[in-house]
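# Structural features, examined
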Amino acid sequence: MTVMKFGVGQPVRRVEDDRLVRGEGRYTSDLAPENALFASFVRSPHAHARFVVMDREAAAAVPGVEAVYLASDFADLGDLPCLGSVANADGSKTPLKPYPVMAADEAHHVGDIVAMIVAQSELAAKDGAERLPIDWAPLPAVVDALDALRPESVEVFSGAPGNVAFDAHIGDRAKTDEAFAAAANVVKITIVNSRVVANYMEPRGAVASCDAEDGRLTLAVGSQGVHGLRDVIAGKVLKIPPERLKVTTGDVGGGFGTRIFLYREYPLLLAAAERLRRLVRWQGDRSEHFVGDTHGRDNVATAEMALDPGGRFLALRLDVVANLGAYLSQFAPYVPYLGATMATGPYAIDALSARVRGVYTHTVPVDAYRGAGRPEAAYVLERLVDRCARELDLSQEAIRLRNFVPSHAMPYQTQTARTYDVGDFGGALTRCVEKADVAGFEVRAQDSKRRGMLRGLGVASYIECTAMGAGEADTSLFLEKDGTLTLLIGTQSTGQGHETAYAQVVSEQFDVPLDRIRVVQGDSDRIASGGGTGGSRSIPIGAVTTARAARALADSLTDLAADRLEAAAADLEIVDGRFRIVGTDRSVSLAEIALLPAATPDRLRGAGSYTPDMATYPNGTHICEIEIDPETGVARLQRYAIVDDFGATLNPLLLEGQVHGGVAQAVGQALMERTVFDGDGQLLTASFMDYCMPRADDFPPIAFETRNVPSTTNPMGFKGAGEAGSIGATPAVVNAVADALWRAYGIADIDMPATPQAVFRAIRGAEASKRPTS
């Protein structure tokens, strides 16, 4: 088959954008069914406090209020489950702290839900919430993970001594100790991977309903996958068979991992809908997002590298303390542990000893955020590698090239039993050095100096694991009676462009324009099962199942077309959406095939499934330049170059957009986004007035290209790309800031976010230390 105009590899513009930019998107907040009731949640203003709801009468008396619910009303509901628990180093497991759907008498973080008001209008619900009398008795709180480990710290959960949720170990301690004892050089660094708030464009919301006849429940919600959400809500919290609950998701304004999880509002809304036999609607606002949705990152890591006299890495020690917040969110413990499995990155390091501790604090729970542990691992490693280069007087490029896993050594098994199937890490770095014009950096640095500015060069090479775990078992492609094609798939777009990407895979098979293909996601009734979207899995897994479903349907339709044309199936080709006898003008259209008497529903459906045996390993290098104004501390990106290996490219435009988005989020964390709790656990940066987000004018043009080495573990050669930008960018940007400060002032380190205040203070501190004492 020839290359199709709209097929795989083509830079097709997103088909969904026409609908979205016209305001025709269908988000959760657009669902406003008639006669729906509105819910409002009462949240704790304290990080840690005992409380008593004095009475319900004042709230219930507000005109329009239909119900006032407290924790005692939901004693029959199960707790929110943690599905990512991690064993301690000795194999034991620390008891999990209960995560009830509503706090009963003690709040554990600002934003903890303590009551729900349901009313005829949103205003009445909020009025009722404000009038609910609560007697608060504040208690001591701990917000910092390292502080929580201190013996004198307040206890967050009695079942976790020392506030430690788990204390795990990966690697070989004895082998690592032996390598360190023999090392010519040891380099150590301690870094803070700062907490971030996801801040997707569309705050969460949901609409719950209960069928008046059979009592079946429906939840319409912005999510990253309806099946997982349905199964957890039904099986773990509501304690009903999953078939009694339908979950749907329409358009979604961003997810970044944070929308995967089960949140308390969902089962509470469903319980209210069942009891009231009414639709119940809730739409959160930005303030609720800051204290009600899981946060990301928040690690403190100490890393040590053992090196030989030539600058080769011998062993790595890692000690990670992860702040998990007040409760264990759905996958929270597994996130830092997963990151540790990628601790050695793209380097050949023969020994590893990694300790990972998860710690309870009185803060908003922390869980996966774009990259889920892999950005944290890459950040500490690449900061350490730059420190090694500086202390051994090697260039950023040279130390990496000296230590990369060479292509000829692949497949290569790391110290954490991960197998890198293919890759050319050195090739990507070398090409990125050329693309970034590193050779011309010193000239640009001198120009910056003449203008009174500082300039720094940042390099980061990364590798990540994607598309692991469960596959997709029920992807289906249907030929409709009008000749159009409908794809049902269990992944979930939250803005990535799935309607375009999957349609391209179908178009590759049938040679039809994308407007003849409809992609359906987000319906747990229509689609039998699905793994949702997360871990950069949608294209490496979803494109494969789509291709297989398309091939299966094409085979079935070929047989029908062969009968209609009285030809052998082997003599047919598909051109412009028609089955044609090769070398003739005799053909039959898809619509004509669909109307054939023999075209039964089974013959008009193709099914595809795929479960990966191994993860895929995208990798690459980011190089950027930062210019700093020493008078203000303002750091601005001047140049940015990326060379990535994603195995194969489905759509170059969508791919580059995903990388740009990841870079933007990483730059936000590196330079701007600052989550601050005071000593009492109050979130001081709880709005965009105090929490700075990146904007378009914060970025120079990003020079991006791929240097793909097709994956041998994926049938189409794909490696996941959705999180890669956020993994490579953060260390590259902070390394650039650190490089500028080291060149000018000998400042060895700086933590994220490198805000103007942080940079200014570092510079003034360095200047003060050099002043002669009287």
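Right, let's walk through the structure included here.

Quick notes on the rules
Residues numbered from 1 in each chain as written. Predicted model: local features only at pLDDT ≥ 70, side-chain atom pairs only at ≥ 80, totals over all residues. Heavy atoms only, no water. Buried < 20%, exposed > 50% of the residue type's maximum accessible area, 1.4 Å probe, protein only. Helix = DSSP H or I, 4+ residues; strand = E, 2+ residues; numbered from the N terminus. Contact = heavy atoms within 4.5 Å. Pairing = 2+ DSSP bridges. Axes fitted to C-alpha atoms, helices over the stretch in contact; angles between N-to-C directions. Salt bridge = Lys/Arg side-chain N within 4 Å of Asp/Glu carboxyl O. Phe/Tyr/Trp six-rings, centres within 6.5 Å; stacked < 30°, edge-to-face > 60°.

### Thoughts on helix 12 (residues 425-435)
Those residues of helix 12 that sit buried are Phe-425, Gly-426, Gly-427, Ala-428, Leu-429, Cys-432 and Val-433. Close packing links the buried residues of helix 12 with helix 11 (396-403), strand 17 (419-420), strand 18 (454-463), strand 26 (619-628) and strand 27 (635-645). Phi for Asp-437, located one or two positions after helix 12, is positive at around 50°.

### Quick look at the pairing of strand 14 (residues 313-325)
In terms of burial, strand 14 is largely enclosed, as ten of its 13 residues are buried. Here nine bridges tie strand 13 (residues 295-307) to strand 14, and the two strands are oriented antiparallel to one another. The partner of Ala-301 across the bridge, within strand 14, is Val-320. Here strand 13 folds back onto strand 14, and the loop between the two strands holds five residues, one of which, Gly-311, carries a positive phi near 85°.

### Let's talk about the sheet that holds strand 24 (residues 587-589)
Through backbone hydrogen bonds, the strands of a sheet pair up, either in parallel or in antiparallel fashion. The strand order across the open sheet formed by three strands is 22-23-24, and the pairing between neighbours is antiparallel. Bordering the open sheet on either side are strand 22 (572-575) and strand 24, each of which pairs with just one other strand. Ignoring strand direction, the axes of neighbouring strands in this sheet form an average angle of 25°. As judged from the three bridges shared by strand 23 (residues 578-581) and strand 24, these two strands associate in the antiparallel manner. Following the sheet pairing, Phe-579 is matched in strand 24 by Val-588. In this fold helix 15 (residues 538-565) packs onto strand 22, strand 23 and strand 24, with an angle of close to 55° to the strand it touches most, strand 23.

### Observations regarding the pairing of strand 23
Residue alternation in strand 23 divides its side chains into a buried set, Phe-579 and Ile-581, and an unburied set, Arg-578 and Arg-580. Where strand 22 hands over to strand 23, the hairpin turn is made up of two residues, of which Asp-576 adopts a positive phi near 55°.

### Points about unusual backbone geometry
Cis geometry is found at the peptide bond from Met-410 to Pro-411, where omega equals 5°. Along the chain, Pro-411 turns up in the loop between helix 11 and strand 16 (412-413). For the peptide bond that leads from Met-752 to Pro-753, omega is -15°, which places it in the cis range. Backbone geometry places Asn-163, a non-glycine residue, at a positive phi of 65°. As for its position among the elements, Asn-163 is in the loop between helix 4 (145-148) and strand 7 (164-171). The phi dihedral of Asp-298 is positive, around 65°, even though this residue is not glycine. Within the secondary structure layout, Asp-298 lies in strand 13.

### Quick notes on the sheet that holds strand 8 (residues 185-197)
Spatially, five strands are ordered 7-15-14-13-8 in an open sheet, and the strand pairing comes out mixed. Each edge of the sheet is formed by a strand with only one pairing partner; in this case those strands are strand 7 and strand 8. Going across the sheet, the axis of each strand differs from the next one's by a mean of 10°, ignoring polarity. As defined by bridge partners, strand 8 adjoins strand 13 across twelve bridges and the pair is classed as antiparallel. When the sheet's bridge partners are listed, Val-197 is paired in strand 13 with His-295. On top of the sheet, helix 10 (residues 374-391) reaches strand 8, strand 13 and strand 14; it is set at about 145° to strand 8, its chief contact.

### A few points about the pattern of salt bridges
Enumeration according to the criterion identifies 52 salt bridges in this entry. The shortest N-O distance in the salt bridge between Arg-43 and Glu-265 comes to 2.7 Å. Of this pair, Arg-43 sits in strand 1 (residues 37-43) while Glu-265 sits in helix 7 (residues 265-276); the two residues are 222 residues apart in sequence, bridging distant segments of the chain. Arg-50 is paired through a salt bridge with Glu-106; the nearest N and O atoms lie 3.4 Å apart. Residue Arg-50 is found in strand 2 (residues 49-53), and its partner Glu-106 is found in strand 4 (residues 106-107); the two are separated by 56 residues along the sequence. Assessed through its relative accessible area of 44%, Arg-50 is described here as partly exposed. Beyond isolated ion pairs, a larger network of salt bridges with shared partners links Asp-437, Arg-444, Asp-447, Arg-450, Arg-451, Arg-455, Glu-625, Glu-627 and Arg-639.

### Considerations on the packing of aromatic side chains
Scanning all chains against the criterion turns up 17 aromatic pairs. The interplanar angle of 40° and the centroid separation of 5.2 Å between the aromatic rings of Phe-51 and Trp-136 together place this pair among those described as tilted. With a gap of 85 residues between them, Phe-51 in strand 2 and Trp-136 in strand 6 (residues 134-138) connect regions that are remote in the sequence. Its relative accessible area of 3% is what places Phe-51 among the buried residues. Relative to Phe-425, the ring of Tyr-420 lies with its centre 6.3 Å away and its plane at 80°, an arrangement referred to as edge-to-face. By relative accessible area, which is 3% here, Phe-425 ends up buried.

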